[in-house]
Amino acid sequence: MEIAIILIWIVILILVVVTLFAGVKTVPQGQIWTVERFGAYTRMLQPGLNFVLPYIDRIGRRVNVQEQVVDIPEQSVITRDNASVAVDGIIYYRVMEPDKAAYQVANLSVALTTLAMTNIRSVIGEMELDSTLSSRERINSSLLETLDGATMPWGVKVSRVEIRKIEPPGNLISAMNLQMTAERERRAAVARADGERQAAIMRAEGEKQALILAAEGRQQAALRDAEARIALARAEADATKMVSETAQQHGPAGLNYFIADRYIRAFGAMATAPNSRLVVVPMEATGLAGGIVQAMQLFKEGNAGPAAPPGSRGSVPPSGS
């Protein structure tokens, strides 16, 4: 009898322990659990210690409310210009309303992946290949707007959509490389031609400026030469005027003096020249000497006073006879 009572108390104790474990629930941080009563959703359990009615309530869905990442599998997409490209990506999302995410969609990850693949084909199919390769931000923004609006009834917020790879087939990549090479060669040729044109223009400008400066230099030299010639002509005119006045004042003797002076200076310069080895005395040396004698006579008469009238000589007074 005592053994039966002990067994009953043991069963009751085990039942109490099981009941306590069934009624106490500890929800980890980052998750929210749903409570179902006889299969119907009643409420949500927040992170921490929670209590439920044992044997009546049970845990339905365990929903992760942290930001999660879903891979978009690689798929082949046809662009607007009939080019085939391989595309894949990732989706960042977060559950904002756990009850909707638990009961409005059967498999949230599969639903997001399928929806993303469908919209990628739709967005890239409206674009040409060049735009597809250079407009990742545009594709990401379009997919984000579409997916965020489509997942709103599920209580999900799509924060980012990133296209990881847009890869054309190999033959198309080779053709694009050839096109890029040709374009770069064309740009290099254009730049080279433009540089040569600029260099030719600069050379022509330099030659033009050089010709202008040379012409200005010749003009200045001509002006200076003309001024020198004018000054020389004026000096020659003054000298001629002085010679003429001297000839008029002193007669042929003064002119002979002037000529003899110039002759002697020229002869002296020729005789004292460092490269002269032979001095030729002209045949008119006697005439030169006569001119010099006359000039000296004229000089003496000018110093002695006024000349005596011709035919008059100093007479000796007659001696007394």
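Below you will find a few notes about this structure. (Residues numbered from 1 in each chain as written. Predicted model: local features only at pLDDT ≥ 70, side-chain atom pairs only at ≥ 80, totals over all residues. Heavy atoms only, no water.)

1. What to know about the sheet that holds strand β8 (residues 156-167)
Remark on secondary structure: sheet strands pair via backbone hydrogen bonds, oriented parallel or antiparallel. The three strands lie next to each other as β6-β7-β8, forming an open sheet whose pairing is antiparallel. Strands with a single pairing partner mark the edges of an open sheet, and in this sheet they are β6 (68-78) and β8. Sheet twist, expressed as the mean angle between neighbouring strand axes with direction ignored, is 20°. Sheet topology places β6 next to strand β7 (residues 84-95); nine bridges connect them, and they run antiparallel. Residue pairing across strands places Val-77 opposite Val-85, the latter belonging to β7. (Pairing = 2+ DSSP bridges. Helix = DSSP H or I, 4+ residues; strand = E, 2+ residues; numbered from the N terminus. Axes fitted to C-alpha atoms, helices over the stretch in contact; angles between N-to-C directions.)

2. Comments concerning the sheet that holds strand β5 (residues 57-64)
Taken together, three strands build an open sheet; the order of strands is β3-β2-β5 and the sheet is antiparallel. The open sheet has two edge strands, β3 (40-45) and β5, and neither has a second partner. Pairs of neighbouring strands in the sheet enclose a mean axial angle of 30°, with direction left out of account. Of the strand pairs in this sheet, strand β2 (residues 31-37) and β3 are connected by five bridges, and their pairing is antiparallel. Note on β3: the bridge partner recorded for Glu-36 is Tyr-41.

3. Quick look at the layout of surface pockets
Its boundaries defined by the atoms lining it, the second largest pocket holds a volume of some 190 Å³. Lining of the second largest pocket is provided by 14 residues; of these, Val-63, Asn-64, Val-95, Ala-101 and Leu-108 occupy positions nearest its centre. At the level of elements, β5, β7, α2 (98-103) and α3 (108-125) are the ones that each hand at least two residues to the lining of the second largest pocket. Counting residues per element, the lining of the second largest pocket draws most heavily on β5, which supplies four residues. (1 Å grid on protein atoms, 1.4 Å probe; cavity = no way out; pocket = protein on both sides within 12 Å on 5 of 7 lines; lining within 4 Å. Points joined across faces, edges and corners; volume = space filled by probe spheres on them.)

4. As for the packing of α3 against helix α5 (residues 136-150)
Contact geometry of α3 with α5 gives a least axis separation of 10 Å together with a crossing angle of 135°. Classified by the angle between their axes, α3 and α5 sit oblique to one another. α5 is crossed by α3, and the crossing has right-handed handedness. Seen from α3, the contacting residues are Leu-115, Ala-116, Asn-119, Ile-120, Val-123 and Ile-124; seen from α5, they are Ile-139, Ser-142, Leu-143, Thr-146, Leu-147 and Ala-150. The class makeup of the residues in the contact of α3 with α5 is nine nonpolar, three polar and no charged. (Parallel < 35°, antiparallel > 145°, perpendicular 65-115°, else oblique. Left-handed = near helix turned anticlockwise from the far one by under 90°. Contact = heavy atoms within 4.5 Å. Nonpolar A, V, L, I, M, F, W, Y, C, P; charged D, E, K, R; others polar.)

5. Section: the nonpolar core
Formed by 32 residues in total, the largest nonpolar core has its most connected members in Val-87, Tyr-93, Leu-108, Ile-120 and Ile-139. Listing elements by their share of this core, those giving two or more residues are β6, β7, α2, α3, α5 and β8. Counting residues per element, this core draws most heavily on α3, at eight residues. With sequence-adjacent residues up to four places away left out, Ile-139 is seen in contact with Val-123, Ile-124, Met-127, Thr-132, Ile-163 and Ile-166. Core analysis: the next-biggest nonpolar cluster, separate from the first, contains six residues, Val-27, Val-35, Val-52 and Ile-59 among them. (Core = buried A, V, L, I, M, F, W, Y, C linked by side-chain atoms within 4.5 Å. Buried < 20%, exposed > 50% of the residue type's maximum accessible area, 1.4 Å probe, protein only.)

6. Section: the pattern of salt bridges
As enumerated under the stated definition, the model contains twelve salt bridges in all. With a closest N to O distance of 2.9 Å, Arg-58 and Glu-36 form a salt bridge. In this pair, Arg-58 sits in strand β5 while Glu-36 sits in strand β2, placing the two residues 22 residues apart along the sequence. Relative accessible area serves as the criterion here: at 48%, Arg-58 is assigned to the partly exposed category. With its nearest N and O atoms 3.9 Å apart, the salt bridge here joins Lys-165 to Glu-167. Three or more residues are tied together by salt bridges with common partners; here these are Asp-71, Asp-88 and Arg-164. (Salt bridge = Lys/Arg side-chain N within 4 Å of Asp/Glu carboxyl O.)

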